[in-house]
Amino acid sequence: MIDVLYFAWVRERIGLPKERVETSAATVAALVEELRAREERYAAAFADISALRVALDQELAEFDAPLDGVREVAFFPPMTGG
């Protein structure tokens, strides 16, 4: 099981701030494909992953990063700052 957290408009589209997910995905990208296949709200949230960032156990990562040993995956839009 892995904790999946959703922030900003990702959370709004999915309708959940977080959930525990049973997955066999080896990478973040494979997890995204599993989530997309669940239902339309996930497909909408993950329609364009270039508009998303991901963190694994609170460390920024790429979508090709392995999930082996990861306890938490967070999806969020890019941050802007000043």
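Here, the structure is the one placed above.
Below or above, wherever it landed, is the structure these notes cover.

What counts as what
Residues numbered from 1 in each chain as written. Predicted model: local features only at pLDDT ≥ 70, side-chain atom pairs only at ≥ 80, totals over all residues. Heavy atoms only, no water. Helix = DSSP H or I, 4+ residues; strand = E, 2+ residues; numbered from the N terminus. Polar contact = N/O pair within 3.5 Å; in protein donor to acceptor, adjacent residues only side chain to side chain. Contact = heavy atoms within 4.5 Å. Salt bridge = Lys/Arg side-chain N within 4 Å of Asp/Glu carboxyl O. Buried < 20%, exposed > 50% of the residue type's maximum accessible area, 1.4 Å probe, protein only. Core = buried A, V, L, I, M, F, W, Y, C linked by side-chain atoms within 4.5 Å. Pairing = 2+ DSSP bridges. Phe/Tyr/Trp six-rings, centres within 6.5 Å; stacked < 30°, edge-to-face > 60°.

1. As for the side chain of Glu19
Tracing the backbone through its elements, the reader meets Glu19 in strand β2 (residues 18-21). Here the side chain of Glu19 touches Arg38 through a polar contact of 2.9 Å, side chain to side chain. Once you skip the residues sitting within four places of it in the chain, Glu19 turns out to touch Ile2, Asp3, Val4, Tyr6, Arg38 and Tyr42.

2. Some details on the pattern of salt bridges
As enumerated under the stated definition, the model contains 4 salt bridges in all. We note a salt bridge from Arg36 to Glu33, for which the minimum N-O separation is 2.3 Å. Separated by 3 residues within a single helix, Arg36 and Glu33 lie in helix α2 (residues 28-38), roughly one turn from each other. Residue Arg36 is classed as partly exposed on the basis of its relative accessible area of 23%. A salt bridge links Arg41 to Glu39; its shortest N-O distance comes to 2.7 Å.

3. Here we look at the nonpolar core
The biggest cluster of nonpolar side chains holds 23 residues, and the ones touching the most others in it are Tyr6, Val28, Leu31, Phe46, Val73 and Phe75. Broken down by element, this core gets its largest block of residues, 4 residues, from α2.

4. Some points on the pairing of strand β3 (residues 53-56)
Within a regular beta strand, the side chains point alternately toward one face of the sheet and then the other, so they alternate between its two faces. Two elements, β3 and strand β5 (residues 72-76), share 4 bridges in a ladder whose sense is antiparallel. Note on β5: the bridge partner recorded for Val54 is Phe75. Where β3 meets strand β4 (residues 59-61), 3 bridges bridge the pair, whose relative direction is antiparallel. Following the sheet pairing, Val54 is matched in β4 by Ala61. If you look at the hairpin formed by β3 and β4, you'll find 2 residues sitting between the two strands, and Asp57 has a positive phi there, around 50°.

5. Details of the packing of aromatic side chains
Applying the stated criterion across every chain, the model contains 4 aromatic pairs. Where Phe46 meets Phe75, the ring centres are 4.9 Å apart and the plane angle is 75°; that geometry is what we call edge-to-face. Taken together, the residues span a long stretch of sequence, with Phe46 in the loop between α3 (40-45) and β3 and Phe75 in strand β5 at a distance of 29 residues. When sorted by exposure, Phe46 lands in the same class as Phe75, which is buried. Pairing Phe63 with Phe75 gives two aromatic rings, centres 6.3 Å apart and planes at 25°, and the pair type is stacked. Of the two residues, Phe63 sits in the loop between β4 and β5 while Phe75 sits in strand β5, which places them 12 residues apart along the sequence. This pair shows no difference in class: Phe63 is buried, exactly as Phe75 is. One aromatic cluster in this structure is built from Tyr6, Phe46, Phe63 and Phe75.

Without other data, these values stay purely geometric and don't point to any function.
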